[in-house]
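Summary of structural features
As a plain string of letters, each chain reads:
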Amino acid sequence: MSPRTAWTIALPYLAFFLLPLGWLALTSFWPDAELARPLPSHLTLENHAAALAGGGLARAVLNSLLVSGATAALALALAAPAAFAIARLGVRGGRALLAAALAVSMFPPIATAAPLYAALRAARLLDTLPGLVLPYTSFSVPLALWLVTGTFRALPLELYRAARVDGCTPLGAFRRVLLPLAAPGVATAGLLVFVFAWNELLYAVTFLTSPSRRTVPVALALFGGEFRDPFVVLAAASMLATVPVVAIAVLFQRRVVAGLTAGAVKG
Amino acid sequence: MSARGERRLGAALVAPAGAALALVALGPLLATAWLSLRHRVPVLGEDRFVGLANYGALAHDARFLGALANTAYFTALAVALELVLALPLALALHHAGRGRGGIRAAVLVPWILPTVVAAKLWALLLQPDLGLLARIWPDGAGAVLTRPRLALHAAIFVDVWKTTPFVALLLLAGLQAIPEDLARAARVDGASALRVFRSITLPLLRPAILLALLFRSLDAFRVFDVVFVLTEGGPGHTTEPLSLYAYRTLLRAGSFGLGAAISLVTFLCVVAIGLAWLSALGERRPAEAP
Amino acid sequence: MSVAGVRLELESLAKSYGGVPALRGVSLSVGDGKLVAVVGPSGCGKSTLLSLVAGLDAPDAGVIRIDGRVVNDLSPRERDVAMVFQSYALYPHMTVRRNLAFPLDVAGVPRREIAARVEEVAALLGLAPLLDRRPAALSGGQRQRVALGRALVRRPKVFLLDEPLSNLDAALRLGVRAELKKLHERLGATFVYVTHDQAEAMTLADRIAVLRDGALEQVGTPREIYGAPATAFVARFVGTPPVNLVAPEVLGLPEGPIDVALRPEDLRVSREAGAAGLAARVWLVEPMGSETWVTVERAGARLVARCEAAFDAPPGAPVRLGFDPRRLQRFERETGRRVVPDRPG
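Residues numbered from 1 in each chain as written. Chains lettered and ligands numbered in written order. Predicted model: local features only at pLDDT ≥ 70, side-chain atom pairs only at ≥ 80, totals over all residues. Heavy atoms only, no water.

1. Points about the overall build of chain C
Keep this limit in mind: Put simply, DSSP marks the helices as runs of H or I at least four residues long and the strands as runs of E at least two long, and each gets a number from the N terminus on. Three labels apply to residues, based on accessible area from a 1.4 Å probe with only protein chains included: buried if under 20% of the type maximum, exposed if over 50%, partly exposed otherwise in between. Whether two residues touch is decided by their heavy atoms; if any such pair falls within 4.5 Å, the residues are in contact. Values of accessible area rely on a 1.4 Å probe in the Shrake-Rupley scheme; residue burial ignores everything except the protein chains shown. All tallies of charge rest on Lys and Arg as positive and Asp and Glu as negative; His and the ends of each chain are not included. The location of each charge is read from NZ of Lys, CZ of Arg, CG of Asp or CD of Glu.
Along its length, chain C carries nine helices and 18 strands. Reported as C-alpha extents along the three principal axes, the dimensions of chain C are approximately 80 × 45 × 40 Å. Going through the 345 residues of chain C one by one, you find that 51% of them count as buried. Restricting to contacts in chain C with at least 6 residues of sequence separation, those with at least 24 account for 65%. Taken as a whole, chain C presents about 15,800 Å² of accessible surface, with 49% of it coming from carbon and sulfur. The distance from the centre of the 46 positive side-chain charges to the centre of the 40 negative ones in chain C is 3 Å.

2. Side note on empty space enclosed by the protein
Condition: Points on a 1 Å grid, built from protein atoms alone, make a cavity when a 1.4 Å probe fits but cannot get out and make a pocket when they are open with protein on both sides within 12 Å along at least 5 of 7 lines; residues with an atom within 4 Å of a point are the lining residues. Grid points are joined across faces, edges and corners, and a volume is the space filled by probe spheres set on the points.
Throughout the structure, instances matching the rule amount to one cavity of 30 Å³ or more. Of the volumes computed, that of the largest cavity is approximately 1,300 Å³. Along the walls of the largest cavity sit 41 residues, with A:Ser105, A:Phe196, B:Trp111, B:Asp219 and B:Arg222 positioned nearest its centre.

3. Some remarks on the interface of chain A and chain C
This is how the line gets drawn: Put simply, buried area is how much 1.4 Å-probe accessible surface two parts lose in total, over both of them, once they are put together. Counted as salt bridges are all cases of a side-chain nitrogen of Lys or Arg within 4 Å of a carboxyl oxygen of Asp or Glu. Nitrogen and oxygen atoms within 3.5 Å of one another constitute a polar contact, given that in protein one can donate a hydrogen and the other can accept it, and given that sequence-neighbouring residues count only through two side-chain atoms. When residue character is reported, Ala, Val, Leu, Ile, Met, Phe, Trp, Tyr, Cys and Pro are called nonpolar, Asp, Glu, Lys and Arg charged, and the others, Gly included, polar.
Facing 15 residues of chain A, the contacting portion of chain C comprises 26 residues. Surface buried jointly by chain A and chain C totals about 1,800 Å² across both partners, of which 60% is contributed by carbon and sulfur atoms. For the salt bridge of C:Arg154 with A:Asp166, the shortest nitrogen-to-oxygen distance reads 3.9 Å. Across the chain A-chain C interface, the total number found is 10 residue pairs in polar contact (both at pLDDT 80 or more). Elements supplying a minimum of two residues to the side of chain A that touches chain C: helix H7 (157-165) and helix H8 (170-199) of chain A. The greatest single-element share of the side of chain A that touches chain C, amounting to seven residues, is contributed by H7(A). Tallied by class, residues from the side of chain A that touches chain C come to eight nonpolar, two polar and five charged.

4. Let's talk about the interface of chain B and chain A
Facing 86 residues of chain B, the contacting portion of chain A comprises 90 residues. Taken over both partners, the interface formed by chain B and chain A buries close to 7,900 Å², and the fraction arising from carbon and sulfur atoms is 79%. Considering only the side of chain B, the residues that lose the most area to chain A are B:Leu21, B:Ile112 and B:Leu124, jointly responsible for 8% of the buried surface there. At the boundary of chain B with chain A, the tally comes to one salt bridge. Among the ionic pairs, A:Arg164 bridges to B:Glu6, the shortest N-O distance being 2.6 Å. The interface formed by chain B and chain A contains 10 residue pairs in polar contact (both at pLDDT 80 or more). When residues of the side of chain B that touches chain A are assigned to their parent elements, the largest contribution, 20 residues, is made by helix H1 (residues 3-35) of chain B. In terms of residue class, the side of chain B that touches chain A is built from 65 nonpolar, 12 polar and nine charged.

5. Some details on the environment of C:Asp259
Turning to its location among the elements, C:Asp259 is positioned in strand S12 (residues 258-262). Separated by 3.1 Å, the side chains of C:Asp259 and C:Arg333 make a polar contact.

6. Considerations on the sheet that holds strand S1 (residues 8-17) of chain C
All names here are of chain C. Filter applied, for reference: The pairing criterion for strands is at least two bridges between them, as found by DSSP. Every axis in this analysis is a line fitted to C-alpha atoms, fitted for helices over the stretch in contact. Angles between the N-to-C directions lie between 0 and 180 degrees.
With antiparallel pairing, four strands are arranged side by side in an open sheet as S2-S1-S4-S5. Across the chains shown, the open sheet's two edge strands, defined by having one partner strand only, are strand S2 (20-30) and strand S5 (69-70). In terms of strand pairing, S1 meets strand S4 (residues 61-66) through five bridges, oriented antiparallel. Directly across from Glu11, in S4, lies its bridge partner Val63. The sheet contacts of helix H1 (residues 46-54) involve S1, S2 and S4, and relative to S1 the element is tilted by about 115°.

7. Things to note about the confidence of the model for chain C
As a reminder of what qualifies: Looking at any residue, its pLDDT shows the predictor's confidence there, from 0 to 100.
For chain C, per-residue confidence averages 91 on the pLDDT scale, and residues scoring 70 or more make up 97% of the total. Overall fold confidence for the complex sits at a pTM of 0.83, while the interface term, ipTM, reaches 0.85.

8. Some words on a positive patch on the surface
What counts is decided by this rule: The patches described consist of residues with a relative accessible area above 30% and no salt bridge, like charges being joined within 9 Å and nonpolar side chains (Val, Leu, Ile, Met, Phe, Trp, Tyr) within 5 Å.
The grouping of A:Arg92, B:Arg4, B:Arg7 and B:Arg8 at the surface amounts to a positive patch. With respect to the helices, strands and loops of the structure, B:Arg7 is situated in helix H1. We classify B:Arg7 as partly exposed; its relative accessible area is 36%.

9. Quick look at the domain arrangement of chain C
Residues and elements named next belong to chain C. Selection rule: Residue ranges for the domains trace back to a domain assignment, done automatically or taken from a database.
Domains assigned within chain C are domain 1 (8-236) and domain 2 (241-339). Domain 1 and domain 2 are separated by 38 Å when their C-alpha centres are compared. The interface is formed by 10 residues belonging to domain 1 together with 10 residues belonging to domain 2. Looking at the side of domain 1 facing domain 2, the largest losses of area belong to Tyr226, Ala235 and Arg236, adding up to 50% of the total buried there. Our enumeration of links across domain 1 and domain 2 arrives at six residue pairs in polar contact (both at pLDDT 80 or more). Contributing elements (two or more residues each) for the side of domain 1 that touches domain 2: helix H8 (222-227) and helix H9 (232-237). Counted by class, the side of domain 1 that touches domain 2 contains seven nonpolar, two polar and one charged residues.

This is the structure:
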């Protein structure tokens with residue numbers, strides 16, 4: 001297949017994937033009063049302002065940033081040492097743990113929602129952001145574990161051995177040699193965990209009840225229903241909720257692609 | 001540090017991650033199984049062991065059977081369409097040469113969107129008065145989300161729109177793992193481009209295809225977000241999948257025992273699908289995939 | 001710069017991985033300041049041996065002594081050994097300078113002393129102009145020097161080298177081999193040098209230990225290994241082209257439960273009509289420049305001889321073979337063990 005043929009095939013796909021988003025973007029700038037017209041006479045930021053007014057959406061973006069950031073940090077803190085141990089210390093049951101993690105990542109979230117709900121209520125964590133971070137973290141550990149274990153395994157074994165002969169303890173070799181070299185893989189894992197937490201709906205809508213604690217997906221899912229906002233404001237809200245992850249996709253596309261295919265193909 | 005000390009350190013490093021998995025995933029799963037054997041409605045103060053009665057009730061519950069059928073249909077059609085659409089895209093990406101990064105970044109956008117946003121986007125596009133479809137085809141637009149069969153297919157369509165890129169990128173990774181010399185050798189041996197694809201590329205891509213099918217069907221079977229936003233399960237319960245029915249039984253109706261039973265059936269279906277695909281993958285374990 | 005060498009002793013070392021024995025009771029003593037080469041085909045256990053000495057792996061049984069002290073339970077950092085890896089294992093995220101400084105840094109050596117010792121090693125190995133580069137910006141030979149330097153900078157008691165030349169291209173390998181030999185002479189440190197290349201072992205080593213399937217086949221000086229191999233395996237392993245190991249009747253000797261070995265340089269091939277000796281036919285002629293290797297066929301067996309450069313003959317040409325019976329080695333066919341000749345008179 002020549003690049004020319006390839007592009008001919010790819011172009012309809014690009015149109016299919018991007019035109020709806022373009023229409024959404026255009027609609028979000030469309031003055032409400034001109035909706036009946038085939039095209040707007042001018043573009044406006046009023047819809048975005050209206051979507052942010054009342055603070056609900058802005059608050060949700062902040063909540064999502066906190067929850068996703070904390071989830072990514074915690075998941076990496078749990079997964080990176082475990083991945084090192086599995087990849088380099090010959091832990092008994094390491095393979096079993098990876099397999100269990102894979103199985104867990106395939107759980108339908110609904111299968112654990114009821115007991116988690118009860119446990120969070122008992123721990124007085126229901127309807128709190130930390131109460132959402134905990135289940136998010138444990139459901140992100142599998143992905144992080146697979147990605148980071150793969151990264152550590154891809155580093156030549158001799159580097160670890162050289163660090164040991166050069167006088168490092170196992171943890172010293174992890175910290176001074178392996179972790180700096182694995183940084184790109186670790187960052188990729190963190191990125192994907194962040195995106196997962198940013199997008200998650202079921203747990204968020206189950207465990208959070210106060211409007212002020214909503215994350216972006218919850219706020220957006222309930223947006224139209226509660227306020228009967230105008231069409232164009234909904235479009236603006238969808239745009240605003242999208243910007244952070246789309247920025248990630250475009251800025252880090254190479255890492256994200258490497259991670260999601262490695263995570264999926266290996267894990 | 002001796003080798004034994006090293007193993008002990010390893011166990012200590014693995015323990016927190018293992019505990020996190022056990023406490024927040026495996027533990028709750030067992031709790032769900034236990035809960036499904038009880039009749040528990042906290043608001044009424046009811047809580048007693050009922051054995052398999054909840055499952056018995058489900059067997060005669062038309063809404064449950066409908067949800068099961070919806071979920072199975074959604075999964076089968078969405079995954080099949082995604083695979084069929086993703087293969088040409090993956091091949092195009094593989095051969096695009098310069099500018100491949102640009103296409104890749106572009107197709108990544110639907111996948112990375114929150115599903116809620118994807119569903120909202122299409123809900124707006126299909127909105128009967130002001131949506132894009134209404135502008136193009138004013139008479140038909142009203143029907144899409146109000147007729148049961150059409151609404152379910154609209155949900156499938158949104159899933160296909162959002163997830164085809166992911167499948168394509170998985171297949172692309174599989175394509176890139178095939179040594180280029182094989183195709184060259186086949187061309188030298190006189191095979192046509194089509195023959196090379198049929199005899200070399202497709203067989204060697206089989207593991208990647210099976211893995212994509214495995215991951216996607218497990219993911220599609222737990223569908224929740226798309227339907228929650230696009231149709232809310234309606235009209236009636238005609239587009240309701242298992243996850244949404246379980247969610248409503250648990251949290252709206254507050255019937256924990258029955259909700260747990262639906263959840264567990266969902267889980268067991270996922271396990272069955274997973275095992276079926278894994279046996280299709282044969283001896284190849286996931287860890288040894290390309 | 002010189003390093004006091006110490007004695008390294010291995011006693012009945014055994015190690016298996018998942019039930020598969022890698023080493024079965026290896027005992028070896030390396031004198032202070034000596035270079036012992038451990039050779040053998042891949043999978044013979046030579047890398048396992050290094051791992052055990054370095055402390056990267058624990059033996060199932062046996063004792064490792066460095067300078068008279070049992071080190072079995074010591075971690076690598078406490079053993080004071082340095083190692084050069086086959087892939088060099090340079091830390092890709094550090095400059096050459098930081099690679100060289102790393103072992104000293106880990107050991108908590110004061111900054112000023114680290115700088116001095118890095119400079120010293122860099123000067124010794126000609127690395128001074130490369131100190132601020134990363135490994136990725138170095139050639140293969142330069143990387144090899146950095147790996148060597150990182151071992152030298154610690155002034156360890158024992159140097160372990162794992163196939164240090166095998167990643168260099170052929171042209172570079174001979175030069176570095178010679179440098180390594182001069183370096184060892186100058187340092188006077190104890191070296192354990194693992195290689196699958198018998199020529200490296202022959203040229204570098206004070207003593208050679210031949211390892212086969214996890215057990216020592218023979219330990220001796222290069223001359224002993226070449227001239228008086230203890231087994232047919234050792235005889236075949238050293239020498240290029242390899243020794244001719246054939247049934248005795250091929251060389252016109254009485255049949256028996258033995259094989260005989262004759263080095264290619266001890267086999268004479270003559271094209272002169274009417275020359276004395278065993279009749280054979282030329283099978284292949286390989287000019288090497290300084291000499292010519294001639295493979296001949298006789299009694300269904302092929303024999304190689306090293307002949308003078310000018311030798312030439314078409315395949316199938318009749319030749320006569322001659323040799324000095326005193327140069328023959330005999331090995332039991334069943335066990336491969338050398339038969340010590342009982343010479344009458």
